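Per-entry structural report
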Amino acid sequence: MTTTAPIRVTRTAHSQLSQIDFANLGFGNYISDHMFVADYKNGAWETGEVVPFGPLPMTPAILSLHYGQAVFEGMKAFRMNNGSINIFRPQRHSQRLNQSLARMCMPPIDEEFFIEALKAVIRTDEKWIPSSEGSALYIRPVVFASESRLGVKISDEYKFVVLTSPVGPYFTKPVRVKVEETYVRAAEGGTGFAKCAGNYGGAFYPTQLARQQGFDQVLWTDAKEHKYIDESGAMNVMFVLNGKLVTPKLTSSLLDGVTRDSILTLSESLGIQKEERKVSIAELEEGFKNGTLTEAFGVGTAAVVSTIAVIHIHGTDYALPADQAASFQQRVKQKLHHLRVGNEADTHGWNYII
Ligand code: COI
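Criteria and thresholds
- Residues numbered from 1 in each chain as written.
- Predicted model: local features only at pLDDT ≥ 70, side-chain atom pairs only at ≥ 80, totals over all residues.
- Heavy atoms only, no water.
- Helix = DSSP H or I, 4+ residues; strand = E, 2+ residues; numbered from the N terminus.
- Buried < 20%, exposed > 50% of the residue type's maximum accessible area, 1.4 Å probe, protein only.
- Lys, Arg positive; Asp, Glu negative; His and termini not counted.
- Salt bridge = Lys/Arg side-chain N within 4 Å of Asp/Glu carboxyl O.
- Polar contact = N/O pair within 3.5 Å; in protein donor to acceptor, adjacent residues only side chain to side chain.
- Contact = heavy atoms within 4.5 Å.
- Core = buried A, V, L, I, M, F, W, Y, C linked by side-chain atoms within 4.5 Å.
- Near = heavy atom within 4 Å.
- Areas by Shrake-Rupley, 256 points an atom, 1.4 Å probe, with all protein chains shown as cover.
- 1 Å grid on protein atoms, 1.4 Å probe; cavity = no way out; pocket = protein on both sides within 12 Å on 5 of 7 lines; lining within 4 Å.
- Sits in = over half its atoms within 2 Å of the grid points.
- Nonpolar A, V, L, I, M, F, W, Y, C, P; charged D, E, K, R; others polar.
- Domains from an automatic or database assignment.

Examined against the element boundaries, glutamate 285 turns out to sit in helix H6 (residues 281–290). There is no salt bridge for the buried glutamate 285, and the closest opposite charge comes from lysine 289, which lies 4.2 Å off by N-O distance. Only 3.2 Å separates the side chain of glutamate 285 from the side chain of tyrosine 318, close enough to count as a polar contact. Apart from the residues lying within four places of it in its own chain, the contact partners of glutamate 285 are Ile313, His314 and Tyr318.

Spelled out as structure tokens, the structure:
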């Protein structure tokens, strides 16, 4: 149950806004002045409030630190050409957050409460929304177990916090990825589809090894046979193979990416046939050899559409053809941009304008 009382806002007396270099944002380097914080106690979410960003009082015994009940979302708000603020697909993010919460035995957050929280914090820090193409206000809702106790149990108390951060592109150049055949991100039946913190923590070590070998990201394969592509940790992946847009179909070990869904939906209007199916490493290798694999790219809220330049398979670096202005990935990236800033009609009802 949630209340619908108005959300109180306490403004900071020490804004950091003047310190931000909007021409060189990078990703996740800055956190805006304010955050939304709500508590879950006695079986209900409290209204919550917007307060200056800063430390939260809690003990080192909070259950999320020990047993991992922590889930988050990654979303973006855009400054539109007419000056309005657009939160992209908050309803879809709310659905996914609730799927993650359910998997981790955490209480749901209803859509109205979720969107009111986003609106309150984004309005308070609206000056932090960058407007140059490729930049956005990244929104990071996070929910974690806050009950202070060491017994192994489902927490009875939680915090729901929304942080925001002005961001530029996640990757500054085309990425090199390594097909992972030793380590596993997620197995079917596990938590791979949920956006829970542990999925990311577990990926750090194999990703660090891949970085030491000169790669930016790991291309995860299925846990059983290491034969089929899953995703790439910070993003879903797509290929243009034999002239078709091909992407791994969703399973319980893949994140149901909102950008993935948006691009699949837009593909029709861009005149390309789509296939959601198992994608094997063998067919990627074959596609490189016979020239039918013409594009590979990562898609995600943070990554948007990120060109993959090289895929490392069984010890060989396979290079994709250089990305062209007329490529599918460039066209869909432009379409998404135009739609989100209001240059193009939002025929799918994805823009939530506040
Ligand atoms: C996102 O794309 O929003 C993500 O959460 C991926 C990564 C930054 C953790």
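Read on for the rest.
So, on to the nonpolar core. If you look at the biggest cluster of nonpolar residues, it comprises 37 residues, and the most contacted ones within it are Phe36, Trp45, Ile109, Ile122, Val143 and Phe160. Considering each element in turn, this core owes the most residues, eight residues, to helix H3 (residues 111–124). Every residue in contact with isoleucine 109, bar those within four places of it in the chain, is listed here: Trp45, Ser94, Leu97, Asn98, Leu101, Phe114, Val143 and Phe160. Val175, Met235, Val279 and Phe288 belong to the second-largest nonpolar core, a separate cluster that totals 23 residues.

Contacts to the ligand come from Phe72, Gly74, Tyr138, Arg140, Tyr170, Lys195, Tyr200, Ala234, Thr301 and Ala302. One nitrogen or oxygen atom from the side chain of lysine 195 is found 2.7 Å from an oxygen atom belonging to the ligand. For the ligand, whose free accessible area comes to 280 Å², the fraction covered by protein is 90%. Given that more than half its atoms are within 2 Å of the pocket grid, the ligand belongs to the largest pocket. Split into classes, the residues belonging to the shell around the ligand amount to six nonpolar, two polar and two charged. Counting only domains with at least three residues in the shell around the ligand, you end up with domain 1 (8–169) and domain 2 (175–341).

As a further point, take the domain arrangement of the chain. Interface size, as often reported, equals the accessible area lost upon joining of the parts. Each assigned domain of the chain is listed here: domain 1 (8–169) and domain 2 (175–341). Taking only C-alpha atoms, the centre of domain 1 and the centre of domain 2 are 27 Å apart. Listed per partner, the contact involves 24 residues of domain 1 and 24 residues of domain 2. Where domain 1 meets domain 2, there are three salt bridges. The partner of aspartate 261 in a salt bridge is arginine 92, and the shortest N-O contact between them spans 3.7 Å. Summed over the shared surface of domain 1 and domain 2, the result is 14 residue pairs in polar contact (both at pLDDT 80 or more). Among the elements of the structure, strand S5 (70–72), strand S6 (75–79), strand S7 (85–88) and helix H2 (90–103) are those that each provide at least two residues to the side of domain 1 that touches domain 2. At six residues, H2 tops the list of elements feeding residues into the side of domain 1 that touches domain 2. Residue composition of the side of domain 1 that touches domain 2, by class: ten nonpolar, six polar and eight charged.

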